Amino acid sequence: MITLTNVSKTYPGAVTALDGVTLTIGRGELAAIVGPSGSGKSTMLNLLGTLDRPTTGRVRVAGHDVGALSDTELSALRASRIGFVFQQFHLSAGTSALDNVADGLLYRGLRPAERRRRAAKVLERVGLGHRTDHHPHELSGGERQRVAIARAVAGDPTLLLADEPTGALDSVSGQTVMRLLRELHSSGTTVVIITHDQELAASLPRQVRMRDGRVVDDVIRDDVIRQEVPREAPAAEVGR
Ligand code: ADP
Ligand code: MG
């Protein structure tokens, strides 16, 4: 699904946020990225999600060499394949839950009525069918994050990237959000989650540990993987 080959990222002011990272994330994985603040986790997630380009090295996502694509092509790749969830939800204020999710489908060439129909369906799926008309300020943190997840997955992405998705939530809401992310993984989506929560990270099949812009450890837990399989190849993956 994703390969980073000797990837570095230097920000203006000569901050080296990533320093020669090589990493492969396979289709259908559920992986945690962990490490101290400032270790390059968000920078790496942005590169995995083609929101940014590396300073040096190569990034391949879903069979595409990111460096070889124009900005327009990258936008199209993101819109069709990748969903994002952030710690602070990033919902539009003054817009209903339904329209927040429907707007995530703007680049799909669907009519407004079809976008809203799909949005209603995915809000139902995250347990918010009764909150479609609520605006973000009328929702709890956990509900907002479920709206954000609905928006991220409305277009049926193959890759879901989450940057501290439970970081702003109480533990019960955090567990609900994690249950949703696990369900998406079980249905075939590749899921990568940045987290500070050691317990959460330890419960996932893979932990990529970062420090000072480098991957310093990469643990794949056989016992957790055994719990996840056997799993039939989801039909939705065919042809992706
Ligand atoms: P993490 O997510 O692990 O906390 P980040 O990837 O956000 O780490 O940041 C890695 C390093 O890059 C930090 O030193 C941070 O200050 C720096 N950094 C991140 N984004 C920018 C930016 N847009 N401009 C300059 N420096 C940045
Ligand atoms: Mg970060």
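Since the model is a prediction, treat every value here as computed from it, not as a measurement. (Residues numbered from 1 in each chain as written. Chains lettered and ligands numbered in written order. Predicted model: local features only at pLDDT ≥ 70, side-chain atom pairs only at ≥ 80, totals over all residues. Heavy atoms only, no water.)

Observations concerning the overall build of the protein
Okay, step 1: The number of helices and strands found in the protein is 8 helices and 10 strands.
Okay, step 2: The C-alpha atoms of the protein give a radius of gyration of 17 Å, which matches the 18 Å a tight globule of 240 residues would have.
Okay, step 3: The dimensions of the protein, computed from C-alpha atoms along their principal axes, are 45 × 40 × 40 Å.
Okay, step 4: Of all 240 residues assigned to the protein, the portion counted as buried reaches 47%.
Okay, step 5: Excluding contacts between residues fewer than 6 apart, the proportion of contacts in the protein whose partners are at least 24 apart in sequence is 68%.
Okay, step 6: If you sum the accessible surface of the protein, you get close to 11500 Å²; carbon and sulfur atoms cover 48% of it.
Okay, step 7: Side chains of the protein give 30 positive and 28 negative charges; the mean places of these two sets differ by 4 Å. (Helix = DSSP H or I, 4+ residues; strand = E, 2+ residues; numbered from the N terminus. Rg over C-alpha atoms; globule rule 2.2 N^0.38 Å. Buried < 20%, exposed > 50% of the residue type's maximum accessible area, 1.4 Å probe, protein only. Contact = heavy atoms within 4.5 Å. Areas by Shrake-Rupley, 256 points an atom, 1.4 Å probe, with all protein chains shown as cover. Lys, Arg positive; Asp, Glu negative; His and termini not counted. Charge placed at Lys NZ, Arg CZ, Asp CG, Glu CD.)

Quick look at the pattern of salt bridges
Okay, step 1: Applying the stated criterion across every chain, the model contains 10 salt bridges.
Okay, step 2: Of the charged contacts, one joins glutamate 29 and arginine 206 as a salt bridge, the two residues approaching to 2.9 Å between their closest N and O atoms. Residue glutamate 29 is found in the loop between β2 (15-25) and β3 (30-34), and its partner arginine 206 is found in strand β9 (residues 206-211); the two are separated by 177 residues along the sequence.
Okay, step 3: Taking relative accessible area as the criterion, glutamate 29 reaches 22% and is therefore assigned partly exposed.
Okay, step 4: The shortest N-O distance in the salt bridge between glutamate 114 and arginine 118 comes to 3.0 Å. Here glutamate 114 and its partner arginine 118 are both found in helix α4 (residues 112-125), 4 residues apart, which amounts to about one turn of the helix.
Okay, step 5: What makes glutamate 114 partly exposed here is its relative accessible area of 23%. (Salt bridge = Lys/Arg side-chain N within 4 Å of Asp/Glu carboxyl O.)

Comments concerning the site of ligand 1
Okay, step 1: As a structural note, the neighbourhood of ligand 1 is formed by Tyr11, Val15, Ala17, Pro36, Ser37, Gly38, Ser39, Gly40, Lys41, Ser42 and Thr43.
Okay, step 2: Glycine 38 has a polar backbone atom sitting 2.7 Å from an oxygen atom of ligand 1.
Okay, step 3: Contacts to ligand 1 include serine 39, whose backbone N or O atom sits 3.2 Å from an oxygen atom.
Okay, step 4: Relative to its unbound accessible surface of 560 Å², ligand 1 loses 59% to contact with the protein.
Okay, step 5: Secondary structure elements with two or more residues in the shell around ligand 1: β2 and α1 (41-48).
Okay, step 6: Residue contributions to the shell around ligand 1 peak at 3 residues, all from α1.
Okay, step 7: The residue makeup of the shell around ligand 1, split by class, is 4 nonpolar, 6 polar and 1 charged. (Near = heavy atom within 4 Å. Polar contact = N/O pair within 3.5 Å; in protein donor to acceptor, adjacent residues only side chain to side chain. Nonpolar A, V, L, I, M, F, W, Y, C, P; charged D, E, K, R; others polar.)

Overview of helix α6 (residues 171-186)
Okay, step 1: The first and last C-alpha atoms of α6 sit 22 Å apart over 16 residues, in line with the 22 Å expected at 1.5 Å per residue.
Okay, step 2: Among all positions in α6, only Ser173, Gly174, Val177, Met178, Leu180, Leu181, Leu184 and His185 are buried. All buried residues of α6 lie within an arc of 155° about the axis, which places them on one face of the element. The exposed set on the far side of α6, more than 90 degrees from its buried face, consists of Ser171, Val172 and Gln175.
Okay, step 3: Its side-chain oxygen 3.1 Å from the backbone nitrogen of valine 172, aspartate 170 forms the N-cap of α6.
Okay, step 4: The positive-phi residue at the C-terminal boundary of α6 is glycine 188, with phi of around 115°. (Expected span 1.5 Å × (residues − 1). Arc of directions from axis to C-beta.)

Purely geometric numbers; function is a separate question.
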